[in-house]
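# Descriptive analysis of the structure
Given next are the chains, with one letter for each unit.
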Amino acid sequence: MKKHCLFLYLLLLTAGISRGQQAVIRGQVKDTLNATPMNGAVVMVLRHSDSILVKFTRTGEDGTFHLPKLPAGKFLVMVTFPDYVDYTEVLTLQDSTHINMGNIPLTTRTRMLQEIIVRQRLSPVRMKGDTLEFQADSFPVRPNASVEDLLKELPGIQVDRNGNVTAQGKTIQKILVDGEEFFSEDPSIATKNLRADMIDKVKVFDKKSDQATFTGIDDGVRIKTIDLRLKEEMKKGVFGKIEAGSDFHRYYDNRAMLSAFKGKRKLTVLGTMSNNGNGALKADEAEDFRDGGGIGMEVDNGLGAPGGEVSPGPGGIPITWSGGAHYSNKWHEDRFQLNSNYLFNKTSINPISTTLTQQTVADGVFSTQQQSDGILHTQKHVSGSTIKIATDTLSQLEIRLNGQLNNSDSRNDFSNATTKNSVLTNDGSRTTTNKGSYRAFAADLFWRKRFARQGRSLFLESIVKTGSDKGDGRLYAINNFYKATGTLDKADTTDQQKVNENNGTLIVGKLAYTEPLWKDVYATINYGVAVSKREARRNTFNNPDAHRYIVDSLSSNYALTTVTHRAGAYININKAKADIVIGGDIAEAGYKQRDMVKDSTFNLRFLNFFPRVGMQYKITNFKRLDFTYAGSTQQPSVQQLQPLRDNYDPLNVYVGNAALRPAFVHTFSLRYDGNQIIKRKSLTADLSYSFTKNAIVNHVFIDSTGKSINQPVNLNGNSSFTGDVQFITLPVGTHWGIGSGIKTMFSKSNAVINNQFNYTNILLPSLNFTINYLRENIGSILLSTNIAYNHSTSSINHTYVTQYWIQQYAISAYLFPLKNTFISTETTLSIRQKIDNSDINPKVILWNIFIERSFLDNKLSLRLSVNDVLNQNFGISRSISAGTFSENTYNILRRNWMFRLIWNFSSLGK
């Protein structure tokens, strides 16, 4: 008995000693300016290996803190206080460690000193909840650099030559400024025109829907978004930039922007005049008026381009005049908000291209070589306004008004020749012209109501859209067809005028109600109805210059009325660790199509299902796993349903199919996001798989002369798989950043060629690697590579395989060799494997460089730039679909130089 008591005594004594030997950290937090204690500062102890929170406390009135009973190990101590720079320090604790950190100084962000900036680089990238946050000042860029230049320096973010931004492998759909849209029609306006030194933080996150933000109930809807948070001193005053560039001979690029910010009010006007391809604004929002409008009603407004080939194709150097204005403000404690934009764009472009198309058939390959020379003039006006009114603390009314006016004038000249197994089957030429106009207006009204009971809400929405699309075109084509011996068999001439017009109106109403079932569990039911009325007139006339007469087989007048009812139910589970959405919608769509010429009616009725399952699981604060499944119906368009022949290209005739059924797409996706903030590492992995039932695919019939007739049909078997893994690290204590990734895509697509099923398998693996060195007052160097392989096989002809490598190696550098002098250079080597011996320019070295000198405290800059120094720039694109390979080469801007005078002015903070 005594032995047992002695053993128990020793055990308790050992436990007491162990507890007594746990580590302790204490200290006092003060403001650096006044040396006054800071009450309420948060002091956190994070595990160094994985950034998991071990313990935290708040400072008392005298600024002191005490953290007892800490385990042994390596930790990061972080001290935070609103509007102050975070303090971080790495400590190693033993069982008996008692550390007094003494006075810990905190500095306001507006008074950030150089030594504090160096300390802050311990954490230039942070994860706050679901938001990835970059401290802008931790990534030095040249004086007067744009936000676009800043984004290029941020790990995990890429900006292409057109200004499109991707983050963590996903396309950025919205770019906000202080949480508000800024020229919503063209998000790149913010990145190209705002200066990098105005930005305090760059936040990257998946933006929830407006409904989820308002109610606080996650509905699983996400939009990849960047929010540019301005420094406080940059929110008051006037700033802008005037830039004039020319080579004094051929090219010019002039632009100006003026902004006046005062608190929540933002006013910006801008304009460009350019003929080097840099001046176009993205003012084409026509697609916003051609669908159901963001509520999932799956109703096509049917306003496709009726005038035929308005766009001449890729390539060309646009001459552009553009302008725009933005105004936003908030009043009465943010209860009334206005956000309004206007954009104007006038463009002329002359694309010249050569297209090689190879169509696989059972007994060989048809190869078509086509040359085109076109001219396109467009003029566009786009306007949009959003008004938000908080009618009370629980209700919000939102009104969105959008309008667009487009005019276009185009001409295309084509010449082509087709061979089958190297034997000439046809050749010819054609010319198409078209004058078109497009008018559209949309009004959306949303009313959201929260009730006193947490989670109960009501949502009402109504939409009215109307538009018209007109075109007056001309087709003149001469085609020669040859026998198997190579001798001329026959010639065919087409001379026609095409006058087309589409008109459409869409009215939508929707209601959604959410009710809390029990804690963290909510039910949502919704119902919507949409009524769409459209009329499409298509008239083709022969001999337009002589005795014009209508061609009945190419003319029609259809009126289509669609009524869609849609109802759904969802269960939302919002837990601390997981957000889950389970449910779906069911919709009934009734089509009534009337042939106004034959006075006949054709009715269709479809029943569509839209199941959805989504889960977001937070493994830790810095690791997240997302899974989604969604089913969606793809309705055939009006043009696909109409049994009408389209012969704008007489060698490739399109015929509609009234018997088409809706396609149903199943999509599964799994995503992992992992961030080790202290170690400055991130890992993202994406897997997605989709397959389609009743996919709408082409049935192609190609005769012996190479002439094809295309008709949409339903076919099963289309599927695709994508896997993408990306890794980024910024080793602590260094100026280096490393990124690498691997992506694989496999797809299977089906078609019918000459009444035979054709299954095309495409495999596209790729590797990418980047390494960059970034140092303030010295500059940065970025090395990157991307290697991709494309392998395609076709079941209709196993002997024909398309396979090629594409390699790209790039080096770019920002350097500050002298004070107020900046050099930027970028060199890209592209290696494109030849398809056959006639393929040209398999290797291209594109080298751009500019030197800039600043004066008057960086307010005035002179820049000399040379693009394509080696004169090797080359426009090319490739595509593979079911049994078809296409390669297009086109004209783009070659070697050019430009001298620029840039004036940046501001009176910020006043």
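Residues numbered from 1 in each chain as written. Predicted model: local features only at pLDDT ≥ 70, side-chain atom pairs only at ≥ 80, totals over all residues. Heavy atoms only, no water.

## Details of a nonpolar patch on the surface
A cluster of nonpolar side chains, namely Phe248, Phe855, Leu856, Leu862, Leu864, Trp897, Phe899 and Leu901, defines an oily patch on the protein surface of about 770 Å² accessible area. Top element by residues in the nonpolar patch is strand E50 (residues 896–906). It accounts for three residues. Tracing the backbone shows Trp897 in strand E50. (Patch = residues over 30% accessible without salt bridge, like charges linked within 9 Å, V, L, I, M, F, W, Y side chains within 5 Å. Areas by Shrake-Rupley, 256 points an atom, 1.4 Å probe, with all protein chains shown as cover. Salt bridge = Lys/Arg side-chain N within 4 Å of Asp/Glu carboxyl O. Helix = DSSP H or I, 4+ residues; strand = E, 2+ residues; numbered from the N terminus.)

## Some details on the pairing of strand E44 (residues 801–815)
Sheet analysis places strand E43 (residues 779–794) next to E44, joined by 15 bridges and oriented antiparallel. Within E44, the position partnered with Tyr789 by the bridge is Trp805. Joining the antiparallel neighbours E43 and E44 is a turn of six residues. Where E44 meets strand E45 (residues 821–832), 10 bridges bridge the pair, whose relative direction is antiparallel. In the sheet register, Ala810 faces E45, and the bridge partner there is Thr828. (Pairing = 2+ DSSP bridges.)

## Side note on the packing of aromatic side chains
Tallied over the entire structure, the rule returns 16 aromatic pairs. With centroids separated by 4.7 Å and ring planes inclined at 35 degrees, the aromatic side chains of Tyr629 and Phe668 adopt a geometry described as tilted. Linking Tyr629 in strand E33 (residues 623–634) with Phe668 in strand E36 (residues 663–676), this pair joins segments that are 39 residues apart in sequence. Arranged with centres 4.8 Å apart and planes meeting at 40 degrees, the rings of Trp903 and Phe905 form a pair that is tilted. Joined through ring pairs, the aromatic side chains of Tyr814, Phe816, Phe822 and Phe850 make up one cluster. In this arrangement the basic side chain of Lys266 is found over the ring face of Phe261, its NZ or CZ atom lying 5.7 Å from the centre. Sitting over the face of the ring of Phe481, Lys490 holds its NZ or CZ atom 5.5 Å from the ring centroid. (Phe/Tyr/Trp six-rings, centres within 6.5 Å; stacked < 30°, edge-to-face > 60°. Lys NZ or Arg CZ within 6 Å of the ring centre and 35° of its normal.)

## A short note on the pairing of strand E19 (residues 265–274)
Burial of the side chains of E19 is restricted to one face: Lys266, Thr268, Leu270, Thr272 and Ser274 are buried, whereas none of Arg265, Leu267, Val269, Gly271 and Met273 on the reverse face is. Judged from the 10 bridges that link them, strand E18 (residues 252–262) and E19 form a sheet pairing that is antiparallel. Residue pairing for E19: Ala256 is matched across the bridge by Gly271. Turn length for the E18-E19 hairpin, with the two strands adjacent in sequence and antiparallel, is two residues, and the turn residue Gly263 shows positive phi of about 65 degrees. The sheet contact formed by E19 and strand E20 (residues 319–331) spans nine bridges and is antiparallel. Residue pairing in the sheet places Thr272 in a bridge with Ser322 of E20. (Buried < 20%, exposed > 50% of the residue type's maximum accessible area, 1.4 Å probe, protein only.)

## Focus: the sheet that holds strand E11 (residues 165–167)
An order of E10-E11-E12 is seen for the three strands of this open sheet, with the pairing classed as antiparallel. The open sheet has two free edges, formed respectively by strand E10 (157–159) and strand E12 (170–171), since each of these has just one partner strand. Two strands pair when backbone bridges link them, and E10 and E11 are joined in this way by three bridges, in the antiparallel orientation. What sits directly across from Ile157, in E11, is Ala167.

## Some remarks on the side chain of His326
One can find His326 in strand E20. Polar side-chain contacts of His326 include one of 2.7 Å to the side chain of Asn341. Beyond its immediate sequence surroundings of up to four residues, His326 is in contact with Glu181, Phe182, Phe183, Lys266, Leu267, Thr268, Asn339, Ser340 and Asn341. (Polar contact = N/O pair within 3.5 Å; in protein donor to acceptor, adjacent residues only side chain to side chain. Contact = heavy atoms within 4.5 Å.)

## A word on the pattern of salt bridges
Tallied over the entire structure, the rule returns 36 salt bridges. For Asp200, the salt bridge goes to Lys201, with nearest N and O atoms at 3.1 Å. Both residues of the pair, Asp200 and Lys201, count as buried. One salt bridge connects Arg894 with Asp868, and the closest N-O pair in it is separated by 3.8 Å. Here Arg894, found in the loop between strand E49 (884–890) and E50, pairs with Asp868, found in the loop between strand E47 (860–867) and strand E48 (875–881); they are 26 residues apart in sequence, far enough to count as distant. Judged by its relative accessible area of 37%, Arg894 falls in the partly exposed class.

## Some points on the sheet that holds strand E4 (residues 64–70)
Reading across from one edge, E4-E1-E7 is the order of the three strands in this open sheet, with mixed pairing throughout. In this open sheet, the two edge strands, each paired with only one partner strand, are E4 and strand E7 (98–106). Recorded for the sheet is a direction-independent mean angle of 20 degrees between the axes of neighbouring strands. Two elements, strand E1 (residues 23–31) and E4, share five bridges in a ladder whose sense is antiparallel. Bridging from a neighbouring strand, Gln28 pairs with Thr64 of E4. (Axes fitted to C-alpha atoms, helices over the stretch in contact; angles between N-to-C directions.)

## Quick notes on unusual backbone geometry
Of note, the phi angle at Ser422 is positive, near 70 degrees, even though the residue is not glycine. The residue Ser422 is located in the loop between strand E24 (395–420) and strand E25 (423–450) in this model. Positive phi outside glycine occurs at Asn694, with the angle close to 60 degrees. Secondary-structure assignment places Asn694 in the loop between strand E37 (681–693) and strand E38 (695–702). Given the relative accessible area of 26%, Asn694 is considered partly exposed.

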